[in-house]
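If you want the building blocks of each chain, they are given just below.
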Amino acid sequence: MNLRENAMAIYHGRQPDFYGDLMDAITLIPDPVLVGNMCPQDGEEHKDSWGTVFIFKPGSPGAHPHVNRANAVINDIEKWEEQLKVPSLDELDWTMAKEAAKAVDRSERFVGFMCSGGLFERSHHLMGMEEALMNYLEYPDEMAGVLRAIADYKIKYIRMVAEEIHPDIIFYHDDWGSKQNLFLPPYVWRELIKPLQKEISDTIHECDMIYMHHADCICQPIVKDMVEIGVDIWQGVIAQNDIVEIQRITEGKLAMVGGIDGPKIDIENITEEEIRAEVRRAIDTYCPGGRFYPSIPNGICFREWNNRIVKDELAKYGRKFAEEHRIF
């Protein structure tokens, strides 16, 4: 099997040649919006197309929102309609994305499109995390309006992506929690996020694409809701979730990518055998439940030596496990 065929075997619960990271089978296409919003790695403040201030410090893994009362796009939730200016999608340059998608042999690999800044993430980017969390609880009607505007933008963009390059997978990003819990009480998430996320999911499926949701955090309290929404693949499943229990309660309806405890092994004072043991633990524990791609939830170990060992053990033990645990 090639990478795509092997990944689809796991996705459909059939016998693969090996168990490994689904991301290895995906070519991510440059997102015109993300490219236009790219923050220079200079430690200075830069605004994206929504007006949110970001800072990308030299040596850090990525840019982060730097929102305060002085620079917040929305500093008064009751005046959000006056303060929020949804960016236009009409003048995007699709040249790079089209060329990159055309270069992919889709019989061998998936074309994936990263759709970052989901409903929750964009909402707190507009007003700051503390203000957003308070507004979700104290001003649910106003937050519903903000989320509606963001959702309409996302839905329009997904349809444009489908028309321009038609990826196989929409790699949708929205972290709904931390390493300890959800950011919002489940009832608030269900009331405000879930219905709009269902619309986004429906749009992805109407365009004949797979919906892969990235959230490298705790999502266990809402995994049944994720199935109801129509999430096809949850990428970023951290080991702090009870993954075996999630496999049980979702009855095989949710494919998952992750399981290796990245922070546990992405450290200096660790042996090669300890790293390999964690990779084997994840495969032994979660792959028997089916539809599981073992990987580091956030993608890689940032320490090159550690990451090389993880990749090597995945390649070796992932194949060995598949050979010794046949699906009949």
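Above this text you will find the structure in question.
Residue positions are given per chain, counting from 1 as you read along its sequence in written order. pLDDT decides what is reported in this predicted model: residues at 70 or higher carry local features, side-chain atom pairs at 80 or more are listed and counted, and totals for whole chains, interfaces and linings draw on all residues regardless. Excluded from the side-chain calculations are hydrogens and water; all other atoms, namely the structure's heavy atoms, are used.

1. Notes on the packing of aromatic side chains
Line of reasoning, step 1. Only Phe, Tyr and Trp rings are paired, with Trp represented by its six-membered ring, and only when their centres lie within 6.5 Å; those with planes under 30 degrees apart are stacked, over 60 edge-to-face, the remainder tilted. Applying the stated criterion across every chain, the model contains 12 aromatic pairs.
Line of reasoning, step 2. On the basis of an interplanar angle of 70° and a centroid distance of 5.1 Å, the ring pair of W176 and W189 is categorised as edge-to-face. Placement of the pair is W176 in the loop between β6 (169-173) and α8 (186-206) and W189 in helix α8, with a sequence separation of 13 residues.
Line of reasoning, step 3. With relative accessibility at 2%, the residue W176 sits in the buried group.
Line of reasoning, step 4. Categorising residues by exposure relies on relative accessible area from a 1.4 Å probe, with only protein chains included: less than 20% of the type maximum marks a residue as buried, more than 50% marks it as exposed, and the intermediate range marks it as partly exposed. Overall, W189 belongs to the buried group, its relative accessible area being 2%.
Line of reasoning, step 5. For the pair Y317 and F321, a centre-to-centre distance of 6.5 Å together with 50° between the ring planes defines the contact as tilted. Residue Y317 and its partner F321 are located together in helix α13 (residues 304-324), separated by 4 residues, close to a single helical turn. Grouping residues by exposure puts Y317 and F321 together as buried.
Line of reasoning, step 6. Of the aromatic side chains, those joined through ring pairs into one cluster are W50, W94, F113, Y153 and Y157. We count a stretch as a helix when DSSP gives it H or I for four or more residues in a row; a strand needs E for two or more, and each element gets its number in order from the N terminus.

2. Structural notes on the nonpolar core
Line of reasoning, step 1. Take the buried Ala, Val, Leu, Ile, Met, Phe, Trp, Tyr and Cys residues and link them wherever side-chain atoms come within 4.5 Å; each set so joined is a nonpolar core. In terms of nonpolar packing, the biggest core is built from 100 residues, with Y136 and W234 touching the most fellow members.
Line of reasoning, step 2. Take this core: its biggest share by element is 13 residues, from helix α7 (residues 140-164).
Line of reasoning, step 3. Throughout, a contact is declared for two residues whenever any of their heavy atoms are within 4.5 Å. Beyond its immediate stretch of four places on either side in the chain, W234 contacts H213, A215, C217, C219, V223, M226, N241, I246, L254, A255, M256 and V257.

3. Observations regarding the packing of helix α5 (residues 119-127) against α7
Line of reasoning, step 1. The angle between two axes is taken between their N-to-C directions and runs from 0 to 180 degrees, where each axis is a line fitted to C-alpha atoms and a helix contributes only its stretch in contact. Where α5 meets α7, the closest approach of the two axes is 10 Å, and the angle between their N-to-C directions is 115°. Both α5 and α7 take part in a crossing whose hand is right-handed. For the pair α5 and α7, contact is made by L119, R122, S123, L126 and M127 and by M143, V146, L147, I150 and A151, respectively.
Line of reasoning, step 2. When residues are sorted by character, Ala, Val, Leu, Ile, Met, Phe, Trp, Tyr, Cys and Pro go into the nonpolar class, Asp, Glu, Lys and Arg into the charged class, and all the rest, Gly among them, into the polar class. When the residues that make up the contact of α5 with α7 are grouped by side-chain class, the tally is 8 nonpolar, 1 polar and 1 charged. Definitions for this section: a left-handed crossing has its near helix turned counterclockwise from the far helix by less than a right angle. A right-handed crossing has that turn clockwise.

4. Side note on the side chain of H125
Line of reasoning, step 1. Its location among the elements puts H125 in helix α5.
Line of reasoning, step 2. Overall, H125 belongs to the buried group, its relative accessible area being 10%.
Line of reasoning, step 3. Contacts of H125, omitting those with residues within four sequence positions, involve T52, F54, P65 and V67.

5. Details of the pattern of salt bridges
Line of reasoning, step 1. Counted as salt bridges are all cases of a side-chain nitrogen of Lys or Arg within 4 Å of a carboxyl oxygen of Asp or Glu. In total, this model carries 27 salt bridges according to the counting rule given.
Line of reasoning, step 2. One salt bridge connects E228 with K194, and the closest N-O pair in it is separated by 2.6 Å. On the criterion of sequence distance, the pair formed by E228 in helix α9 (residues 223-229) and K194 in helix α8 is long-range, its members being 34 residues apart.
Line of reasoning, step 3. Where R303 meets D266, a salt bridge forms, and the shortest distance between an N and an O atom there is 3.6 Å. A residue pair is termed long-range when its members are at least 10 positions apart, and R303 in the loop between β10 (292-295) and α13 and D266 in the loop between α11 (262-265) and α12 (272-286) qualify at 37 residues.
Line of reasoning, step 4. On the accessibility criterion, D266 (12% relative accessible area) is buried.

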